Amino acid sequence: ALVAHAERTRDLDACKQAPLLPNGIIYYESGDGSNDEFYRLLQLASTEVSLPRRKSGDPAFIFFTSGSTGMPKGVTHSYDSLACMFASAAAAFELTSEDVMLPGSSISQIGGFVFSFAALATGVRVVVARTYHDDEILSLLRQQKPTVLSMLPAALLHLVRDKGSLSDDFGSLRLCRSGADKVPEELEREFTRLTGLTIDEGYGMTETGLLASNPPSGLIKMGSVGQPVPGVSASIRDDNRIELGCETTGRLWVKTCSATIGYWNNSVATDELFCDGWLDTGDLMKVDADGYLYFRGRKKQI
């Protein structure tokens, strides 16, 4: 079955796969009550249902990569790896039940998904934007008073430069996280000038979730993607897999329980990803004496 907001009716009417779903489409909030199957189901008397028992290592979600290094691959995560991702992100952001999370990017992508569910798992209220245009994000900042905001650098720069953006709009924030692309220096400067906060830059992958972040209550180093988050071991190596010292650029390898269980129906790519339990990120990094990582580009870039 597919549970969908009634505003998506036209999209789903045009979808060839939707009519093939065994239990159809369950709509909610149609406005006129004509399509509120969801609420009708809520009124039904509860019955004992025998649900299948899932193993912790079973596939739970598939996220498709962007295809920056070839054809998109189906990154498969298990119930276990998702749980590890949520726990790591919650610890990295130092979330408490007093927080309010505004993921300013699509929850269909790994970042917005992990941050939202890490927040929910911690008892945090999550504010879901309908769009990621400046007027929508500014409206939510003013009305919902989030304490944690996560946005892509390009979208955040556009928001900061919006003529309607005021310093008070960001007054409820304790943390603004940005990643998935390099945070440019002009964005760092303009954001700090407007809000008084420093952008907390981070780093992650579809294959692992969040891997590194600047500690919110510690030192946030501009230009660094931060330190490995709880549950992640990191190693910077040369092409012969020999570990390198501080300030030397090499390929980043990671070991974490949040790692994918493999690419969907692609054992060759899965085997290439791992070696002795370590995952090859394909990204070039260097580390300073304090354990802060600095992104230096992609080794696998096409």
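The coordinates are above.
Cut-offs used in this document
Residues numbered from 1 in each chain as written. Predicted model: local features only at pLDDT ≥ 70, side-chain atom pairs only at ≥ 80, totals over all residues. Heavy atoms only, no water. Helix = DSSP H or I, 4+ residues; strand = E, 2+ residues; numbered from the N terminus. Buried < 20%, exposed > 50% of the residue type's maximum accessible area, 1.4 Å probe, protein only. Pairing = 2+ DSSP bridges. Expected span 1.5 Å × (residues − 1). Contact = heavy atoms within 4.5 Å. Core = buried A, V, L, I, M, F, W, Y, C linked by side-chain atoms within 4.5 Å. Axes fitted to C-alpha atoms, helices over the stretch in contact; angles between N-to-C directions. Parallel < 35°, antiparallel > 145°, perpendicular 65-115°, else oblique. Nonpolar A, V, L, I, M, F, W, Y, C, P; charged D, E, K, R; others polar. Patch = residues over 30% accessible without salt bridge, like charges linked within 9 Å, V, L, I, M, F, W, Y side chains within 5 Å. Areas by Shrake-Rupley, 256 points an atom, 1.4 Å probe, with all protein chains shown as cover. Salt bridge = Lys/Arg side-chain N within 4 Å of Asp/Glu carboxyl O. Disulfide = S-S within 2.5 Å.

This brings us to the environment of Ser267. Checked against the element boundaries, Ser267 lands in helix α8 (residues 267–273). The sequence separation of Ser267 and Lys299 amounts to 32 residues, and the corresponding C-alpha distance is 21 Å.

Quick look at the pairing of strand β4 (residues 74–78) now. In terms of burial, β4 is a largely internal element, five of the five residues being buried. Covered by surrounding structure in β4 are Gly74, Thr76 and Ser78 together with Val75 and His77, the residues of both alternating faces. In this sheet, β4 lies alongside strand β3 (residues 59–64) in antiparallel orientation, the contact comprising five bridges. If you follow Ile62 over to β4, its bridge partner there is Thr76.

Attention now goes to helix α3 (residues 79–92). Look at α3: 20 Å from first C-alpha to last across 14 residues, which is about the 20 Å you get at 1.5 Å a residue. Taken together, the buried positions of α3 are occupied by Ser81, Leu82, Cys84, Met85, Phe86, Ser88, Ala89, Ala90 and Ala92. Residues of α3 that are buried in the fold lie against β3, β4, α4 (110–121) and β10 (209–213). Looking one or two places after α3, you find Glu94, whose phi comes out positive at around 55 degrees.

Turning next to the nonpolar core. Considering soluble globular proteins, one finds that nonpolar side chains tend to be buried as a cluster. Counting 40 residues, the largest nonpolar core has Phe93, Leu95, Met101, Val114 and Tyr203 as the members making the most contacts within it. Elements supplying a minimum of two residues to this core: α3, α4, β9 (200–205), β10, β12 (232–237), β13 (250–256), α8 and β16 (278–287). Residue contacts for Tyr203: discarding those within four places in its chain leaves Arg177, Leu210, Leu211, Ala212, Val225, Leu252, Thr281, Asp283 and Met285. The next biggest cluster of nonpolar side chains, apart from the first, holds 23 residues, and it includes Leu102, Leu141, Leu149 and Phe191.

On to the packing of helix α5 (residues 134–144) against helix α6 (residues 153–161). Packing of α5 against α6 leaves a shortest axis separation of 10 Å and a crossing angle of 75 degrees. For the element pair α5 / α6, the angle class is roughly perpendicular. Every residue of α6 that contacts α5 at Asp134, Ile137, Leu138 and Leu141 is listed here: Ala155, His158 and Leu159. Broken down by class, the residue content of the contact of α5 with α6 amounts to five nonpolar, one polar and one charged.

The next thing to look at is a nonpolar patch on the surface. A cluster of nonpolar side chains, namely Ile62, Phe64 and Trp264, defines an oily patch on the protein surface of about 330 Å² accessible area. As for its position among the elements, Ile62 is in strand β3.

Another point: the state of the cysteines. The final tally for this structure, using the stated rule, is one disulfide. Linked covalently through their sulfurs, Cys84 and Cys257 form a disulfide whose S-S length is 2.3 Å. Taking the torsion about the sulfur-sulfur bond, which here is approximately -120 degrees, the covalent link between Cys84 and Cys257 counts as left-handed. One end of the pair, Cys84, is in helix α3; the other, Cys257, is in the loop between β13 and β14 (262–263), and 173 residues separate them in sequence. Classification of Cys84 by relative accessible area gives buried; the value is 18%. With a relative accessible area of 48%, Cys257 lands in the partly exposed category. Residue Cys275 stays outside any disulfide, its sulfur separated by 20 Å from that of Cys257, the closest cysteine.

This part takes up the environment of Leu149. Within the secondary structure layout, Leu149 lies in strand β7 (residues 148–151). You can call Leu149 buried: its relative accessible area is 0%. Placed 90 residues apart in sequence, Leu149 and Pro59 show a C-alpha to C-alpha distance of 29 Å. Residue contacts for Leu149: discarding those within four places in its chain leaves Leu102, Leu156, Leu173, Leu175, Cys176 and Arg177.

Take the sheet that holds strand β6 (residues 125–126) next. Read across the open sheet, the seven strands follow the order β6-β5-β7-β8-β9-β10-β11; overall the sheet is mixed. Of all the strands in the sheet, the pair left with one neighbour each is β6 and β11 (227–228). Pairing of β9 with β10 involves four bridges; the strand directions are antiparallel. Along β10, the bridge assignment pairs Gly204 with Leu210.

Before going further, it helps to spend a moment on the pattern of salt bridges. According to the stated counting rule, one finds 13 salt bridges in the structure shown. Here Asp288 ties to Lys221 by a salt bridge, and the two come within 2.8 Å at their closest N and O atoms. Placement of Asp288 in the loop between β16 and β17 (293–298) and of Lys221 in the loop between β10 and β11 is noted, with a sequence separation of 67 residues between them. Judged on exposure class, the residue Asp288 and its partner Lys221 are both buried. Among the salt bridges present, the one from Asp290 reaches Lys221, with a minimum N-O distance of 2.8 Å. Taken together, the residues Asp290 in the loop between β16 and β17 and Lys221 in the loop between β10 and β11 connect sequence positions 69 residues apart.

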